[in-house]
There are 2 protein chains.
Amino acid sequence: MMEIEFYFDIASTYSYLASTQIDALGERVGVPVRWRPFLLGGVIKATGNRTPIEVPAKARYMLMDLKDWADLYGIAINFPAKFPPNALPVQRVLTAVAMQSEDRVRPLAQALFKAYWVDRQDISDLGVLAHLIDAAGFPSVELLARAQDQEVKDRLRQTTDEAVQRGAFGAPTFFVGKRMFWGNDRLPLLERYLEANKTR
Amino acid sequence: MMEIEFYFDIASTYSYLASTQIDALGERVGVPVRWRPFLLGGVIKATGNRTPIEVPAKARYMLMDLKDWADLYGIAINFPAKFPPNALPVQRVLTAVAMQSEDRVRPLAQALFKAYWVDRQDISDLGVLAHLIDAAGFPSVELLARAQDQEVKDRLRQTTDEAVQRGAFGAPTFFVGKRMFWGNDRLPLLERYLEANKTR
């Protein structure tokens, strides 16, 4: 069965934007969405890519661009006080959840995206992160302990490496089988592809 | 009066895509489009940005992405045999035209975009370029001579520097006064901005 794999990192600006749209897109075309936490920093490093903020003019433009997208989508966005954050703990927590029940990734990720990109919470701070996990109805003590397990660390690395091997070089990245789409701004192209290729 | 400034380089993939859409966009919102040839290489150098093809995974994705956009727009695209080309001669020729009559830039640029991005002509070859200029109904001998004038060389450099000073870091770049939009993929945001802000 066809599915949309949504590779995301809570620390990724355009992953946040896409996270607010991808489920509605999946519903419109009748294709399920699989939320896959990976580590953008690992992808950037593996591919020799750079983040937009490494080019000052691009970083300045990004702030305006984000507001345009937020306005278009009718969502809130408040640029984080601490950026980029250390996303390793939060992506490991999401990986721990994925290993137990992949369907549970979505609600926790959505709560964490909002905490970071709307409420400007510092998700790299483990105390703050614990509070956010609890507030989202997940067991913070258990998850933060699990996030330290070698098995979870390895899984996050595997997921990231696998995305790179499939062609990813940034976030968000979407896959439909072997077909890849990169970026929040490619959601219309992803939807068009699914409309044309979904099994009827 | 409000206008859209369209900064483009014939050698820029996404400038070609945008060039096929920008005039229709301007007509829909009732805002004139000013075609402004600049030098993408100069912008990249001045801002510390890099072209997509410097990241191998991104370059691979770009080939697929281009086909998606061409399909969406209903236009042809055939990746050039020689890429990137030396765009200096062609951008100087367009600058020479702009200095004589800015309205004449559009038809020559459209002919050159098509020659490079559809017919795979080598626009860095001066003989090929002369033929293309003639075929588009422009005087190739005069324009290629003008392109060597210091005044024309300086003007292209000024236009490029000015775009960088205004915030540009890539191509295509659109300005509406101080407001900047970067990329073919931001055309919907540009149109939305114009709809909301044009004088009624």
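Residues numbered from 1 in each chain as written. Chains lettered and ligands numbered in written order. Predicted model: local features only at pLDDT ≥ 70, side-chain atom pairs only at ≥ 80, totals over all residues. Heavy atoms only, no water.

J.: Mind laying out the packing of helix α5 (residues 88-100) of chain B against helix α7 (residues 126-135) of chain B, listing which residues take part and the relevant values?
T.: Packed helix pairs are specified by the crossing angle of their axes together with the interaxial distance, meaning the distance between the axes. Residues and elements named next belong to chain B. Closest axis-to-axis distance for the α5/α7 pair is 11 Å, and the angle between their directions is 30 degrees. Viewed along their axes, α5 and α7 adopt a mutual orientation that is roughly parallel. Both α5 and α7 take part in a crossing whose hand is right-handed. Residues Pro89, Val90 and Val93 of α5 pack against Leu126, Leu129 and Ile133 of α7. Partitioning the contact of α5 with α7 into residue classes produces six nonpolar, no polar and no charged. (Axes fitted to C-alpha atoms, helices over the stretch in contact; angles between N-to-C directions. Helix = DSSP H or I, 4+ residues; strand = E, 2+ residues; numbered from the N terminus. Parallel < 35°, antiparallel > 145°, perpendicular 65-115°, else oblique. Left-handed = near helix turned anticlockwise from the far one by under 90°. Contact = heavy atoms within 4.5 Å. Nonpolar A, V, L, I, M, F, W, Y, C, P; charged D, E, K, R; others polar.)

J.: How would you sum up the interface of chain B and chain A? Please name residues and give values.
T.: In this complex, chain B contributes 26 residues to the contact, which on the side of chain A involves 26 residues. Between chain B and chain A, roughly 2,500 Å² of surface is buried when both sides are summed, and carbon and sulfur atoms account for 54% of that area. Scanning the region where chain B abuts chain A turns up eight salt bridges. The closest approach of N and O atoms between B:Arg192 and A:Asp71, which form a salt bridge, is 3.1 Å. Applying the counting rule to chain B against chain A returns ten residue pairs in polar contact (both at pLDDT 80 or more). (Buried area = accessible area lost by both parts, 1.4 Å probe. Salt bridge = Lys/Arg side-chain N within 4 Å of Asp/Glu carboxyl O. Polar contact = N/O pair within 3.5 Å; in protein donor to acceptor, adjacent residues only side chain to side chain.)

J.: So, the pattern of salt bridges: which residues are in play, and what are the values?
T.: One pass over the structure, following the stated rule, counts 38 salt bridges over all chains. Close ionic contact of B:Arg34 with B:Glu102 constitutes a salt bridge, the shortest N to O distance being 2.9 Å. Of this pair, B:Arg34 sits in strand β2 (residues 33-37) while B:Glu102 sits in the loop between α5 and α6 (105-117), and the two are 68 residues apart along the sequence. According to the relative accessible area criterion, B:Glu102 is partly exposed, its value standing at 31%. Each of the salt bridges in this network shares a partner with another, and the network as a whole consists of A:Glu3, A:Glu5, A:Arg34, A:Arg36, A:Glu102, A:Glu162 and A:Arg166. (Buried < 20%, exposed > 50% of the residue type's maximum accessible area, 1.4 Å probe, protein only.)

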